[in-house]
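Descriptive analysis of the structure
Each chain, written out:
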Amino acid sequence: MKRILLGIGSAAGAFVLAACGTSTAAPAPAAGSGSGSGSANGAAAAPAGGGVAAASTATPRCTTADLEVLLGKPAEKNDAPGQYDLPLTYRNTTNHTCGLYGVPGVDLAGPDDPAFGPVYHLTRVDNGVKYNEVTPGTTASATITVVKPADGEPTWTPSRLNTIPPGSTKALTADWPADLPVLRQDAATHPGSYVNGILADPA
């Protein structure tokens, strides 16, 4: 049985023009965002004192070796044409329960872009659960949001996704959909492509 304590995140309500090209997309929520590079340990601390969350943190965190990753099909946002959500699901492949919470690191790898290079580090948004236990064989998911180039904008299609679970340093890899190019916004202050925090999947 999963035990969770919901985090608090806020989303920016306005659309902004992308820093690279002219696509309009909902930017990453401003609260709790950070770089997608590094060890991706984006977990919020459990509250001090008693309670389920404080007691449950004794459960070891899930490591890369405990998990497999599955990338779901992209779905266009109803309120932001040209912006797509993809579920990033982690499955506990062990025979023990582990903690999986925070914001994963996500890098998109593909052709060598002349301006930004072959790797796109996605911004992280800390809007997931503050604590979550994943029992053997069950899953937890984060959502990746990306902007697809509009007509006339530079096209860059990743070949794979590399993701580091929160609290780990080694990456898991999944194939990127061949029909989903991504608008590079590496230099944008509020890019339309980002990775959200992990949520507990329904039991």
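Residues numbered from 1 in each chain as written. Predicted model: local features only at pLDDT ≥ 70, side-chain atom pairs only at ≥ 80, totals over all residues. Heavy atoms only, no water.

1. Structural notes on the packing of aromatic side chains
Two descriptors summarise a pair of aromatic rings, namely the distance from one centre to the other and the angle between the planes of the rings. Taken as a whole and judged by the stated rule, the model has one aromatic pair. For the ring pair Tyr 101 and Tyr 131, a centre distance of 4.8 Å and an interplane angle of 50° mean the geometry is tilted. With Tyr 101 in the loop between strand E8 (98-99) and strand E9 (105-113) and Tyr 131 in strand E12 (residues 129-134), this residue pair connects regions lying 30 residues apart in the sequence. Assessed through its relative accessible area of 2%, Tyr 131 is described here as buried. Stacked on the ring of Tyr 101, the Lys or Arg Arg 61 has its end atom at 4.2 Å from the ring centre. When the ring centre of Trp 156 is taken as origin, the NZ or CZ atom of Arg 184, which lies over that ring, is 4.3 Å away. (Phe/Tyr/Trp six-rings, centres within 6.5 Å; stacked < 30°, edge-to-face > 60°. Helix = DSSP H or I, 4+ residues; strand = E, 2+ residues; numbered from the N terminus. Buried < 20%, exposed > 50% of the residue type's maximum accessible area, 1.4 Å probe, protein only. Lys NZ or Arg CZ within 6 Å of the ring centre and 35° of its normal.)

2. Describing the sheet that holds strand E14 (residues 160-164)
Reading across from one edge, E10-E9-E14-E15 is the order of the four strands in this open sheet, with antiparallel pairing throughout. If you trace the sheet from one side to the other, it starts and ends with strand E10 (117-121) and strand E15 (172-175), each paired once. On average, adjacent strands in this sheet sit at an angle of 25° to one another, irrespective of strand direction. Of the strand pairs in this sheet, E14 and E15 are connected by four bridges, and their pairing is antiparallel. Within E15, the residue paired with Thr 163 across the bridge is Leu 172. (Pairing = 2+ DSSP bridges. Axes fitted to C-alpha atoms, helices over the stretch in contact; angles between N-to-C directions.)

3. Comments concerning the pattern of salt bridges
Summed over all chains, the structure comprises three salt bridges. Here Arg 91 and Glu 68 are joined by a salt bridge, their closest N and O atoms 3.2 Å apart. Separated by 23 residues along the polypeptide, Arg 91 in strand E7 (residues 83-92) and Glu 68 in strand E5 (residues 67-71) bring together distant segments of the chain. A salt bridge links Asp 85 to Lys 77; the shortest N-O distance between them is 3.3 Å. (Salt bridge = Lys/Arg side-chain N within 4 Å of Asp/Glu carboxyl O.)

4. Brief notes about the confidence of the model for the chain
The pLDDT averaged across the chain works out to 81; a share of 73% of its residues lies at or above 70. Per-residue pLDDT stays below 50 along residues 1-23; that stretch engages in 69 contacts with residues further than four places along the chain or on separate chains. A low-confidence stretch, residues 31-55 stays under pLDDT 50, and its non-local contacts, those more than four residues away or across chains, total 57 contacts. (pLDDT = per-residue confidence, 0-100. Contact = heavy atoms within 4.5 Å.)

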